[in-house]
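Fold and geometry: a report
Residue-level listing of the chains:
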Amino acid sequence: MTFYERLETLRKSKKISQGDLEKELGFSNGSISKWKKSQPTFDRLKKLADYFGVTVEYLQNGETAGQKQGYYFNEETAKLAQEMFEDPDMRSLFDMKRNMPPERFKAHMEFMKSLYKQETGEDI
């Protein structure tokens, strides 16, 4: 797999467009497309690695020596991400959190907590 293919895989896993990624990291428009034939500077590689939670070495050549496989270094985070990926209800909740104004989401959460307490007698 090439650098560009690894970058595209990471980008798609975060569901971010090339243009949005370029804006997010302060790269000029069209930068990512140019990397099909070349690699970015080390500073840009570092920004990409930090953004995706991988090493520069992984971006350059796919090597993961000295790090856990996958995108998440924290075991609990990896487990939660996998659960969310596999459970449509958790994915829906996450999507609502991402797309809903904070005050609206907070009201929904309070309602769900209230229902949970009524059913179980326990606070969350």
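You'll find the structure just up there.
Everything numeric here is computed off the predicted structure, so don't read it as measured data. (Residues numbered from 1 in each chain as written. Predicted model: local features only at pLDDT ≥ 70, side-chain atom pairs only at ≥ 80, totals over all residues. Heavy atoms only, no water.)

1. Structural notes on the overall build of the protein chain
Spelled out, the test is: Strands are runs of DSSP state E lasting at least 2 residues, helices are runs of H or I lasting at least 4, and numbering of each runs from the N terminus. Here the radius of gyration uses the C-alpha set of atoms, whereas the globule reference equals 2.2 Å times the residue count to the power 0.38. Burial here depends on accessible area, computed with a 1.4 Å probe over protein chains only, as a share of the maximum for the residue type. Under 20% is buried, over 50% is exposed, and the range in between is partly exposed. Contacts are residue-level and defined by heavy atoms, with any inter-residue pair within 4.5 Å sufficient. For the accessible areas, the method is Shrake-Rupley and the probe is 1.4 Å, while residue cover comes only from the protein chains on display. By the counting rule applied here, Lys and Arg register as positive and Asp and Glu as negative, while His and the ends of each chain are not counted. Every charge is mapped onto a representative atom, which is NZ of Lys, CZ of Arg, CG of Asp or CD of Glu.
Helices and strands together make up the secondary structure of the protein chain, namely 8 helices and 0 strands. What you see in the protein chain, going N to C, is helices and strands ordered as α-α-α-α-α-α-α-α. Relative to the 2.2 N^0.38 estimate, which gives 14 Å for 124 residues, the radius of gyration of the protein chain is 19 Å and therefore markedly larger than a compact globule would have. Its C-alpha atoms give the protein chain principal-axis dimensions of about 60 × 35 × 20 Å. Counting the 124 residues in the protein chain, one finds 24% classified as buried. Residue pairs at least 24 apart in sequence account for 38% of intrachain contacts in the protein chain once pairs closer than 6 positions are excluded. Of the roughly 9100 Å² of accessible surface on the protein chain, a fraction of 52% belongs to carbon and sulfur atoms. With 21 positive and 21 negative side-chain charges, the protein chain shows a separation of 7 Å between the mean positions of the two kinds.

2. Considering the pattern of salt bridges
Applied cut-off: By definition, a salt bridge exists where a carboxyl oxygen of Asp or Glu is found within 4 Å of a side-chain nitrogen of Lys or Arg.
As enumerated under the stated definition, the model contains 5 salt bridges in all. A salt bridge links Arg 98 to Asp 95; its shortest N-O distance comes to 2.6 Å. With Arg 98 and Asp 95 both in helix H7 (residues 88-99), this residue pair falls 3 residues apart, about one helical turn. Given a relative accessible area of 32%, Asp 95 falls into the partly exposed group.

3. Points about the environment of Leu 80
Topologically, Leu 80 is positioned in helix H6 (residues 75-86). Owing to a relative accessible area of 44%, Leu 80 belongs among the partly exposed residues under this scheme. Spatially, the C-alpha atoms of Leu 80 and Gly 19 are 28 Å apart, while their sequence positions differ by 61 residues.

4. Topic: the packing of aromatic side chains
The condition that has to hold: We call Phe, Tyr and Trp rings a pair once their centres come within 6.5 Å, taking the six-membered ring for Trp, and we label the pair stacked below 30 degrees between planes, edge-to-face above 60, and tilted otherwise. Remark: a charge is flagged as sitting over a ring if the NZ atom of Lys or the CZ atom of Arg is within 6 Å of the ring centre and within 35 degrees of the ring normal.
As enumerated under the stated definition, the model contains 3 aromatic pairs in all. Residues Phe 27 and Trp 35 carry aromatic rings whose centres are separated by 5.6 Å and whose planes lie at 75° to one another, so their mutual orientation is edge-to-face. Of the two residues, Phe 27 and Trp 35, neither departs from the other in class, the shared state being buried. Positioned over the ring face of Tyr 51 is Lys 14, at 4.8 Å from the centre of the ring.

5. Concerning the packing of H6 against H7
Our working rule: What counts as an axis is a line fitted to C-alpha atoms, over the stretch in contact for a helix, and the angles between N-to-C directions run from 0 to 180 degrees. Every angle not falling under 35 degrees, over 145, or within 65 to 115 is termed oblique; those three ranges are roughly parallel, roughly antiparallel and roughly perpendicular. Gly is placed with the polar residues, together with every amino acid not listed as nonpolar (Ala, Val, Leu, Ile, Met, Phe, Trp, Tyr, Cys and Pro) or charged (Asp, Glu, Lys and Arg).
As a packed pair, H6 and H7 sit with axes 5 Å apart at the nearest point and diverge in direction by 105°. Classified by the angle between their axes, H6 and H7 sit roughly perpendicular to one another. Counted together, Glu 83, Met 84, Phe 85 and Glu 86 of H6 and Pro 88, Met 90, Arg 91 and Phe 94 of H7 form the full contact between these two elements. Here the residues of the contact of H6 with H7 are counted per class, giving 5 nonpolar, no polar and 3 charged.

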